[in-house]
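Okay, here's what each chain looks like letter by letter:
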Amino acid sequence: MKIFAFLKWLYATATIFTGMTFTILIFYFLPKPKAVKFTSWMIRTFLFLPVELEGSIDDDTQMILVNHESDIDIGIMETITSKDLVWVAKKELFDIPFYGLLLKLPNDIAVERESKTSLLKLIKDCKDRLKDNRVITIFPEGTRSSKKRMLPFKNGAKIVADKFSLKVQPVVLINTSSYYNIKKFHYSPGTIKAICLDSFYADKSDKEWLNNSRVEMQKVYDIELSNINSYR
């Protein structure tokens with residue numbers, strides 16, 4: 001049984017890797033962001049991961065906050081909206097051979113956490129991408145968390161949103177680590193639920209809006225998880 005589970009995970013991992021490779025190969029042949037969207041749909045299809053979407057991405061949204069559990073989260077987000085998402089990620093990921101190219105090609109934003117000038121660069125890069133009508137998309141926890149509790153949100157998202165008075169929309173992905181978890185060699189097909197919460201304009205006079213968003217996102221997550229468990 002363990003061997004079968006590992007083979008399933010191996011299939012999923014190979015599918016993801018193939019999709020990533022295909023993104024690189026076709027990137028310059030399709031208008032942005034078609035290559036990323038196409039291969040994200042391809043991966044979802046071959047992994048048998050339909051998405052139940054509650055709500056929708058606001059047409060005027062300029063920043064998306066999304067919780068992070070699994071390596072499939074980016075692909076899920078890319079397929080639930082036609083908007084050109086620009087991802088904010090730590091600089092170390094950009095330096096990884098092959099994977100880093102997937103971030104550099106679409107001109108995603110690298111953040112150097114230990115750099116004193118990192119915040120200034122983040123603001124400058126976000127301003128540049130916003131001019132191209134791209135949507136700043138952030139995992140505000142800063143890393144994956146599969147313990148069903150969202151980590152404290154990093155303040156970078158608030159600083160950028162406050163600076164440009166952005167329209168912000170939280171999105172909650174429910175229990176994605178139960179479908180694909182690279183560390184636990186786990187993959188299981190199934191329907192993933194994504195919930196788009198109400199959008200709002202960032203107000204720098206409200207010092208707690210980012211933390212309040214985390215509280216609201218966690219509340220929605222907990223309710224959905226309890227509903228899932230009640231059917232088992």
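Residues numbered from 1 in each chain as written. Predicted model: local features only at pLDDT ≥ 70, side-chain atom pairs only at ≥ 80, totals over all residues. Heavy atoms only, no water.

Peer 1: Describe in detail the packing of aromatic side chains, supporting the description with residues and values.
Peer 2: Within this structure, the stated rule accounts for nine aromatic pairs. Taken together, a centroid distance of 6.1 Å and an interplanar angle of 55° make the contact between F6 and F185 tilted. With F6 in helix α1 (residues 2–26) and F185 in the loop between β7 (180–181) and β8 (186–187), the pair connects residues that are 179 residues apart, well separated along the chain. Ring pairs connect the aromatic residues F6, W9 and F185, which therefore count as one cluster. (Phe/Tyr/Trp six-rings, centres within 6.5 Å; stacked < 30°, edge-to-face > 60°. Helix = DSSP H or I, 4+ residues; strand = E, 2+ residues; numbered from the N terminus.)

Peer 1: Mind laying out the packing of α1 against helix α2 (residues 34–46), listing which residues take part and the relevant values?
Peer 2: Here α1 crosses α2 at 160°, and the two axes come no closer than 9 Å. It follows from the interaxial angle that α1 and α2 lie roughly antiparallel. In terms of crossing hand, the pair formed by α1 and α2 is right-handed. Between α1 and α2, the contacting residues are Y11, T15, I16, G19, M20, F22, T23 and I26 on the first element and A35, V36, F38, T39, M42, I43 and F46 on the second. A breakdown of the residues in the contact of α1 with α2 according to their chemical character gives eleven nonpolar, four polar and no charged. (Axes fitted to C-alpha atoms, helices over the stretch in contact; angles between N-to-C directions. Parallel < 35°, antiparallel > 145°, perpendicular 65-115°, else oblique. Left-handed = near helix turned anticlockwise from the far one by under 90°. Contact = heavy atoms within 4.5 Å. Nonpolar A, V, L, I, M, F, W, Y, C, P; charged D, E, K, R; others polar.)

Peer 1: Residues and numbers for the pattern of salt bridges, please.
Peer 2: Per the stated rule, a full pass over the model turns up 13 salt bridges. Of the charged contacts, one joins R134 and D108 as a salt bridge, the two residues approaching to 3.9 Å between their closest N and O atoms. Within this pair, whereas R134 is found in the loop between α6 (118–131) and β5 (135–138), its partner D108 is found in the loop between α5 (99–104) and β4 (109–111), the two being separated by 26 residues in sequence. Its relative accessible area of 8% is what places D108 among the buried residues. Residue K121 pairs with D125 through a salt bridge whose shortest N-O separation is 2.6 Å. With K121 and D125 both in helix α6 and four residues apart, the pair spans about one turn of that helix. Here the residues in one salt-bridge network are E52, E54, K193 and E224, joined through shared partners. (Salt bridge = Lys/Arg side-chain N within 4 Å of Asp/Glu carboxyl O. Buried < 20%, exposed > 50% of the residue type's maximum accessible area, 1.4 Å probe, protein only.)

Peer 1: I'd like a rundown of the pairing of strand β9 (residues 192–196), residues and numbers included.
Peer 2: Look at any regular strand and the pattern is simple: side chains alternate between the two faces of the sheet. With five of five residues buried, β9 is to be regarded as a mostly interior element. Residues of β9 alternate between two faces, with I192, A194 and C196 on one and K193 and I195 on the opposite face, all of them buried. Across four bridges, strand β1 (residues 51–54) lies against β9 in parallel orientation. Looking at β9, one finds that V51 is bridged to I192. Pairing geometry for strand β6 (residues 167–173) and β9, over three bridges, is antiparallel. The residue of β9 that forms the bridge with V172 is I195. (Pairing = 2+ DSSP bridges.)

Peer 1: Residues and numbers for a nonpolar patch on the surface, please.
Peer 2: Among the surface-exposed residues, F22, L25, Y28, F29, L30 and F38 lie close enough to one another that they form a single nonpolar patch of about 700 Å² accessible area. Secondary-structure assignment places L25 in helix α1. A relative accessible area of 54% means that L25 is categorised as exposed. (Patch = residues over 30% accessible without salt bridge, like charges linked within 9 Å, V, L, I, M, F, W, Y side chains within 5 Å. Areas by Shrake-Rupley, 256 points an atom, 1.4 Å probe, with all protein chains shown as cover.)

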